[in-house]
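# Geometric and topological summary
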Amino acid sequence: MMPLDLEVVRRIAMLARIEISDAEAIATRDQLNGILNMIESMRALNTEGIEPMAHAQDVVLRLRDDRVSETDQHEVFQSIAPQVEGSLYLVPKVIE
Amino acid sequence: MEWETVIGLETHTQLSTQSKIFSGASTHFGQPPNTQASAVDVALPGVLPVANRGAVERAIRLGLAVGGTINRRSIFARKNYFYPDLPKGYQISQHEIPIVSGGTLHITTTAGEKIVRLTRAHLEEDAGKSLHEDFHGMSGIDLNRAGTPLLEIVSEPDMRSAEEAVAYAKALHALVRWIDICDGNLQEGSFRCDANVSVRPMGSATLGTRCEIKNLNSFRFLERAIDYEVRRQIALIEDGGRVVQETRLYDADRDETRSMRSKEDAHDYRYFPDPDLPPLCVDDAWINAVQTAMPELPEAKRARYEGSLGLSSYDAATLTQSRDMALYFEALIERLAVARTAHLARAKLAANWVTGELAGALNKADVDIQHSPVGSDALAGLLERIEDGTISTKAAKDLFDAMWNGEATGPDAADQLIEKKSLRQISDAGALEAIVDHVLASNAPQAAEFKAGKEKALNYLVGQAMKASKGKGNPAAIAEILKRKVMGQAPP
Amino acid sequence: MKDDYLTGATLTELSSALAAKKISSVELIKAYLNRIAAVNQTLNAFITVDPAQSLAQARAADARIARGELGPLTGIPIAHKDIFVARGWPSTCGSQMLANFVGPYDAHVIDRFNAAGAVNLGKTNMDEFAMGSTSESSWYGPVRNPWHTDHVAGGSSGGSAVAVAASLAPAATGSDTGGSVRQPAALTGTCGLKPTYGVVSRYGMVAYASSLDQGGPFACSAADLAVMMNVMAGFDARDSTSLDRPPEDYSRSLGAPVATATAKQPLAGLRIGIAREHFGPGLDADVEAAIRAALDALTALGARLVDISLPTSPMSVPAYYVIAPAEASSNLSRFDGVRYGYRAPEYTDLRDMYCKTRAQGFGPEVKRRILIGTYVLSHGYYDAYYLKAQKVRRLIADDFTQAFKACDVIASPAAPTVACRLGAMTADPVQMYLNDIYTVPANLAGLPAMSIPCGFGNRGLPVGLHVVGNYFSEAQMLGVAHQFQGVTDWHRKKPEEVA
């Protein structure tokens, strides 16, 4: 794999919604390349025909009966919210 | 150049479960903000999703109803993006392996019948709502809807006109209500369509670049938005421009589509299997049980109405537009003992009344058939009296209006009203003869015309006799007497 | 005051003392709180202590004891890693992002300890969001190793490890995603267990990498780990990965971990797998010497060493550092400044609010892992990294399946070195990651694993023996450790008093 360049670092930082200064971008690029280089060794392994393992246990999804079990707790939940008005969470204007 | 329109629809149907797809919070619509947002829906740190069997079962029902494949093992994945109405920063959806693959939907347009292929149907969770009223220049977030189960039903790009797209949407809308997986409430957003629209030169085999139009919450908007978008794309291309693949929003007030704010990362959702949710496995026993409990589907009902009941294909199609109408009709013919006697004329009479008088009244009053003030028992009683000649069709319509207004209900409603309003038809020969004699005496010219062979004159005379009987005379009996008296035939 | 109870007393002994009313829960809690007050400034093991809440719980426990209602841990103080959400307690995960987050509900693990009558002694320090191997990435500053306070405690559950090592708590909870219980246990000379994935509910344990995370206990002995496991383990319908199995008694094999045991040779018949991959370059000689000595002690107890191979295990760190960051990048998306937690004080618009909130609220290691995770999942790289890592993960799990045909448990070092100096790892994350080599495979495979003290290495710093068992073999593993602890006293060694 090609080493990460600054443009890619900025793109993934934007995808992850993490502000990154130019100086940070350079340091991050070098660190991430170091990590990716370490990861690179794995890619040489032959995994032809191997089933990917997404879960630590081979189990199937347990299903819950369709029943309402929760009660209104918005006052408790919103007591720790950054900004609330009229029981709504407030955020900077959402533009569609 | 002649252009061909290519349309595929993605429909988000809210499943009619009591609780959310991954939490035990209620899905009830219209509650005060955030009162139905549980710890899981607010995505508090540390909380985890637990899947709702009811949502899975409804997906299976849809899959069986469209003849799709129910995947025995499907995978919930995370679709990652940041948006304030998406509390976890990802939506749990199904990506690589959905619960339903394939299937078809039959649609009917002015051009005839057509089969639209379905790509897939997958389970996912709905997002919350951003409210844009002014909160000091900020937006308000209500997470009550967050986590409501959705079944996203994706069609192949098989539709070639807005009319077909609307027919598809209507057929799907009817089906999801028919199999009782979605309340179909368009105003409340229970059934939302996104349309993928592209155009290509007629005869071309390759697809043009498509635009996805969002926010189509009525069939009318769907039609208008597609029409607008097709015009826009053709004009763009004919002006030497190029269609850009993008998401567009339909603005109903301006009747146009416009580009949504461009999201440079919109197409990098970083899907991966949700590690909190093991594979969703559905076994044959469950599928069979859902199949067994499945109501007879509209296609099957239509065929049966046309076949064993001898209804026209128009009547059969009308009666199967909704399951409630079909159920009403079936309750009606059951009371009329149509099934037992295979009395095709009775079935036709019942169909006429349901698709005619009743549907008209329901439509005018904007009432659903299951809330009809005239129940199938009352209507059956009424039809019985038409059939046995107790009342005229004209009187029956008056009676129906009386029933609609709540003057009587139940199986005996017709009989009660006939007595009360003295609507019983006069079939007594003596009484009718006196009336006919009077009519002939005062309409000598018309009587002469009839005698000379003018059939129209007979109708006039019968009408006069009906008038004289205050509508209670049996028109068939009056006509007989008239003929006999004018033609000088002997009484039978 | 009754300081005996603070050093060396087992959970069972504390329970007996409380039942016999030799000491009250309030007295016990006060003693521990005093001790924390005295040394926490140095060790930084606790983020939150709340004497009012702890003592209220202690008073309630004393009332229950007076009524004769004794649960397994009634009145006994337990410290909880700050990754467990507890109602009314700050639950910060060592992050500025959650510095003001007070738990609005109880994690399943907290529920279980409450039901067992335990007293919440406080919330322990940790690497931010459990990301790290040194407990230095906490927003609340680094945890210090009580054996050498200028050395790290290991991580990420360093605060819990140190709380137990320095007798600030008789036992504590932790979470283990790639070794976060076992490695700090090794580096602080305590016992730590990561159960089979799915045995302890993850509900209320703030997610780092969901398919790897598992809660586990710290204690002074294998027997106490068993007491802790009896409380922590158990099915929870709120966690879809929680395994619905009949409850088990984790102390059932303490007496005889193998059926063929004899009085003289309690481990007779036990096959201990030794993987050749585990004793190569990178393993410090002092650590290896302690491990070899421990293996000798186990052999003397009747166990037989079996040569095994885990051929894919060298790939476990690369696979782990794809899978864990990938899951983390998604798990940590909910920290967006909208519903709880930190929000940047100044921003221009919504996107800027997100970007600044997350840039300021997260520390460098967390951001690094989020970025790596975002990258490996992004368009065009998914197959090469994420999917590949999942396939490697399968091979690693298959290695264990093969190995357990030939042995009952697998022994190795828990870490290649003893604790390093504070700051020694911060400049080179890759070196820190590579040190997870012994612990990460068990998380990838979902297997139970533990670390128990087995000696000391350079500068008198503790060394831990790492033991991996087959799925659901925790009781047997604890039995093996208990036998080892019957003939050794490494687990009883306590650091000299820190000031």
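Residues numbered from 1 in each chain as written. Chains lettered and ligands numbered in written order. Predicted model: local features only at pLDDT ≥ 70, side-chain atom pairs only at ≥ 80, totals over all residues. Heavy atoms only, no water.

Below, the discussion takes up the overall build of chain A. Summing up its helical and strand segments, chain A has three helices and three strands in all. Counting from the amino terminus, helix and strand elements in chain A follow one another as α-α-β-α-β-β. In terms of overall dimensions, chain A is more spread out than a globule: its C-alpha atoms have a radius of gyration of 22 Å, far above the 12 Å expected for 96 residues. Along the first, second and third principal axes, the C-alpha set of chain A runs to 55 × 45 × 25 Å. Per-residue burial for chain A yields a buried fraction of 41% across its 96 residues. (Helix = DSSP H or I, 4+ residues; strand = E, 2+ residues; numbered from the N terminus. Rg over C-alpha atoms; globule rule 2.2 N^0.38 Å. Buried < 20%, exposed > 50% of the residue type's maximum accessible area, 1.4 Å probe, protein only.)

A separate point is the nonpolar core. Generally speaking, nonpolar side chains in soluble globular proteins are found buried as a group. Judged by nonpolar contacts, the single largest core of 217 residues is most densely connected at Leu73 and Phe129 of chain C. Considering each element in turn, this core owes the most residues, ten residues, to helix 12 (residues 382–403) of chain C. Leu15, Leu280, Leu399 and Phe400 of chain B belong to the second largest nonpolar core, which has 113 residues in total. (Core = buried A, V, L, I, M, F, W, Y, C linked by side-chain atoms within 4.5 Å.)

Segmenting chain B into domains produces domain 1 (3–286), domain 2 (294–421) and domain 3 (429–487). The gap between the C-alpha centroids of domain 2 of chain B and domain 3 of chain B is 32 Å. (Domains from an automatic or database assignment.)

Residue and element names in this part refer to chain B. In contact at an axis separation of 9 Å, helix 14 (residues 429–442) and helix 16 (residues 455–468) are set at 125° when each is read in the N-to-C sense. Comparing the axis directions of helix 14 and helix 16 gives the class oblique. For the crossing formed where helix 14 meets helix 16, the hand is right-handed. Together, Ile435, Val439 and Leu440 of helix 14 and Leu461, Gln464, Ala465 and Ala468 of helix 16 make up the contact between the two elements. Its residues assigned to classes, the contact of helix 14 with helix 16 comprises six nonpolar, one polar and no charged. (Axes fitted to C-alpha atoms, helices over the stretch in contact; angles between N-to-C directions. Parallel < 35°, antiparallel > 145°, perpendicular 65-115°, else oblique. Left-handed = near helix turned anticlockwise from the far one by under 90°. Contact = heavy atoms within 4.5 Å. Nonpolar A, V, L, I, M, F, W, Y, C, P; charged D, E, K, R; others polar.)

Counting residues at the interface gives 30 residues for chain B, matched by 41 residues for chain C. At the boundary of chain B with chain C, total buried surface from both sides reaches about 2,900 Å², with 58% on carbon and sulfur atoms. Summed over the three residues of chain B that lose the most area to chain C, namely Pro45, Leu48 and Phe82 of chain B, the buried surface amounts to 22% of that side. Linking chain B to chain C there are one salt bridge. For the salt bridge of Asp276 of chain B with Arg202 of chain C, the shortest nitrogen-to-oxygen distance reads 3.0 Å. At the boundary of chain B and chain C, one finds 16 residue pairs in polar contact (both at pLDDT 80 or more). (Buried area = accessible area lost by both parts, 1.4 Å probe. Salt bridge = Lys/Arg side-chain N within 4 Å of Asp/Glu carboxyl O. Polar contact = N/O pair within 3.5 Å; in protein donor to acceptor, adjacent residues only side chain to side chain.)

Turning to the interface of chain C and chain A, a few remarks are in order. Each partner contributes to the interface: chain C provides 67 residues, whereas chain A provides 50 residues. In total, about 5,300 Å² of surface goes out of reach between chain C and chain A, with carbon and sulfur atoms giving 70% of it. Of all residues in chain C, Leu371, Tyr375 and Arg394 of chain C give up the largest surface area on contact with chain A, accounting jointly for 12% of the area buried on that side. Our count for the chain C to chain A interface comes out at one salt bridge. We note a salt bridge from Lys356 of chain C to Glu19 of chain A, for which the minimum N-O separation is 3.0 Å. Between the two partners, chain C and chain A, sit 15 residue pairs in polar contact (both at pLDDT 80 or more). Split into classes, the residues belonging to the side of chain C that touches chain A amount to 40 nonpolar, twelve polar and 15 charged.

It is worth spelling out unusual backbone geometry at this point. All names here are of chain C. Here the amide bond leading from Gly155 into Ser156 is cis, since omega sits at 10°, within 30 degrees of zero. With respect to the helices and strands, Ser156 occurs in the loop between strand 5 (148–152) and helix 5 (158–165). Residue Ala130 is not a glycine yet carries a positive backbone phi of 70°. By secondary structure assignment, the location of Ala130 is in the loop between strand 3 (119–124) and strand 4 (144–145). For Ala130, a relative accessible area of 2% translates into the label buried.

Residues and elements named next belong to chain B. Summarising the element assignment, Arg200 is placed in strand 13 (residues 191–201). A distance of 3.5 Å separates the side chain of Arg200 from the backbone oxygen of Ser204, its partner in a polar contact. A distance of 3.3 Å separates a polar side-chain atom of Arg200 from the backbone oxygen of Ala205. Here Arg200 is in contact with Glu2, Trp3, Glu4, Val6, Arg160, Ala205, Thr206, Leu207 and Gly208, once residues within four sequence places are set aside.

Below, the discussion takes up the pairing of strand 10 (residues 304–308) of chain C. Residues and elements named next belong to chain C. Where strand 9 (residues 271–275) meets strand 10, five bridges bridge the pair, whose relative direction is parallel. Looking at the pairing, Ile272 lines up with Leu305 of strand 10. Where the polypeptide runs from strand 9 across helix 8 (residues 285–300) and back to strand 10, its parallel neighbour, the crossover connection is right-handed. (Pairing = 2+ DSSP bridges. Right-handed = clockwise from strand over helix to strand, strands pointing away.)

This next bit is on the sheet that holds strand 2 (residues 84–85) of chain A. If you trace the four strands from one edge of the open sheet to the other, you get 2(A)-3(A)-11(B)-10(B), paired in antiparallel fashion. Taken across any chain shown, the strands that pair with only one partner, and hence form the sheet edges, are strand 2 of chain A together with strand 10 (129–135) of chain B. Bridging between strand 3 (residues 88–92) of chain A and strand 11 (residues 138–142) of chain B involves four bridges; their strand directions are antiparallel. Paired with Pro92 of chain A across the strands is Met138 of chain B, a residue of strand 11 of chain B.

Residues and elements named next belong to chain B. Taken in spatial order, the three strands line up as 6-5-17 in an open sheet, and their pairing is antiparallel. Strand pairing shows two members of the sheet lacking a second neighbour, strand 6 (90–94) and strand 17 (272–273), which therefore form its edges. Strand direction decides the pairing type here: strand 5 (residues 76–80) and strand 6, joined by five bridges, are antiparallel. Looking at strand 6, one finds that Phe76 is bridged to Gln94.

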